[in-house]
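Examination of the molecular architecture
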Amino acid sequence: MKRLKKILSVMCMLTVLFCMTACSSGTESKNTDTADSSESVQQDTREDSAGEQTEEPNADAASDTSGQTNGKVLVAYFSATGTTKALAEHAADVLGADLYEITPKEPYSDADLDYGDDNSRSTKEMNDDSARPEIDGNVENMEQYTTVILGYPIWWGKAPRIVDTFIESYDFSGKTIVPFCTSGSSGIGSSAKELEELCKGSAKWLDGDRLESDSDKDDMAKWIDGLGLDLK
């Protein structure tokens, strides 16, 4: 009888040990699965994050895009009789540029333009270096332009004083200015150089040219092509 009890006791102990071992193994397996799952989620998150980063533009790409932004071109002109106006319009068409007319607040009459009259308005202005005829209106957002084509007639070998007014009215820093003139026979002479001396800011002035009054759009396109401007 005692022997039987002893055998039963041993069997019970073995049963308890077996159950404890099984529970321990199950818990370890569950913990291992949880750890693996957590690590997998973290790995996926890192991969997704890396994928998002590769889709963002890099600094070089952003720089390239900004470098493609070019300034605009302005064709500004003064024309008392309409001759310079026609050429300026051709230039604006060729360049796809904005057009601005330097308009006197007090328009010039035929009598004002009588070069043979010492008392005419134009004669008095050209004999007075300080004369600055007032302009009606102004260029909006001049800072947006990187190139200015400037047209004017030649009066007494110079640009009309109202063109002086225009040049002194704006800051042309960083801009390229290309002058051209019209006249009966006189060349551009020192007129462009004199305007450059009045110019505010560090503008780049190209050599000016006298253009024939009957120049058409094709003539203007050839002249502009010969300037070597970077107007992409």
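All of the points below concern the structure found in this document. (Residues numbered from 1 in each chain as written. Predicted model: local features only at pLDDT ≥ 70, side-chain atom pairs only at ≥ 80, totals over all residues. Heavy atoms only, no water.)

Digging into the pattern of salt bridges
Heads up, the rule is: A carboxyl oxygen of Asp or Glu within 4 Å of a side-chain nitrogen of Lys or Arg is what we treat as a salt bridge.
A complete count under the given rule lists 10 salt bridges for this structure. The partner of R210 in a salt bridge is E212, with the nearest N and O atoms 3.2 Å apart. Among the charged side chains, a network of salt bridges with common partners joins D129, R132, R161, D164 and E168.

Examining the pairing of strand β1 (residues 72–77)
Going by this rule: We call a residue buried when its accessible area falls under 20% of the maximum for its residue type, exposed when it is over 50%, and partly exposed in between, using a 1.4 Å probe and counting protein chains only. A helix here means a DSSP run of H or I that spans at least four residues, while a strand means a run of E at least two residues long, and both kinds are numbered starting from the N terminus. Here the rule is simple: two strands pair whenever DSSP picks up at least two bridges between them. When the strands point away from the viewer, a crossover counts as right-handed if the path from the first strand over the helix to the second runs clockwise.
For β1, a buried count of five out of six residues is recorded, marking the element as mostly surrounded by other parts of the structure. Pairing of β1 with strand β3 (residues 145–153) involves six bridges; the strand directions are parallel. Residue pairing across strands places V75 opposite I149, the latter belonging to β3. Both β1 and strand β2 (residues 98–101) contribute to a ladder of four bridges, which runs parallel. Bridge pairing in β2 places L74 opposite D98. Following the backbone out of β1, through helix α3 (residues 83–95) and into the adjacent parallel β2, one traces a crossover that is right-handed.

Topic: helix α5 (residues 161–168)
Definition in use: Between two residues, a contact is recorded if the distance between any of their heavy atoms is within 4.5 Å.
Counting buried positions along α5 yields seven of eight residues, so the element is predominantly enclosed. When we look at burial in α5, the residues that qualify are R161, I162, V163, D164, T165, F166 and I167. Buried residues in α5 make contact with β1, β2, α4 (121–126), β3, α6 (191–198) and β5 (204–205).

As for the packing of aromatic side chains
Basically, it comes down to this: Stacked, tilted and edge-to-face are the three classes assigned to paired rings of Phe, Tyr and Trp, where Trp is represented by its six-membered ring and a pair needs centres within 6.5 Å; plane angles under 30 degrees give stacked, over 60 edge-to-face, the rest tilted. By the criterion adopted, a ring carries a charge over it if an Arg CZ or a Lys NZ lies within 6 Å of its centre and within 35 degrees of its normal.
Applying the stated criterion across every chain yields a total of 10 aromatic pairs. A ring pair is formed by F166 and Y170, whose centres lie 5.4 Å apart and whose planes are at 55°; its orientation type is tilted. Considering the side-chain rings of F180 and W223, the 5.8 Å spacing of their centres and the 70° angle between planes classify their relative orientation as edge-to-face. Of the two residues, F180 is situated in strand β4 (residues 176–182) and W223 in helix α7 (residues 217–225); the sequence distance between them amounts to 43 residues. An identical accessibility class is assigned to F180 and W223; each is buried. For R121, the ring lying beneath its charged end belongs to Y108, and the centroid distance is 3.8 Å.

Overview of the nonpolar core
Cut-off, in case you're wondering: Working definition of a nonpolar core: buried Ala, Val, Leu, Ile, Met, Phe, Trp, Tyr and Cys residues. They are joined through side-chain atoms within 4.5 Å.
Counting residues in hydrophobic clusters, the biggest one holds 32 residues, and the most contacted among them are Y100, L150, Y152, F166 and F172. Within the residue set of this core, elements represented by two or more residues are β1, β3, α5, β4 and α6. Beyond its immediate sequence surroundings of up to four residues, F172 is in contact with M142, V148, F166, I167, I177, C199, K200 and A203. Membership of the second largest hydrophobic core comes to 17 residues, among which are A91, A97, I149 and I224.

A word on the pairing of β3
The buried fraction of β3 amounts to eight of the nine residues, a majority that puts the element mostly inside the structure. Sheet topology note: the β3/β4 ladder contains seven bridges and is parallel. Within β4, the position partnered with Y152 by the bridge is C181. The handedness of the β3 to β4 crossover, carried by α5, is right-handed.

Side note on the environment of F166
For F166, the location among the structural elements is in helix α5. Taking the relative accessible area as the measure of exposure, F166 reaches 1% and is therefore buried. Considered as a pair, F166 and P133 are 33 residues apart in the sequence and their alpha carbons are 9.4 Å apart. Those residues in contact with F166 that sit more than four places away from it in its chain are A76, Y100, I102, I135, V139, M142, L150 and F172.

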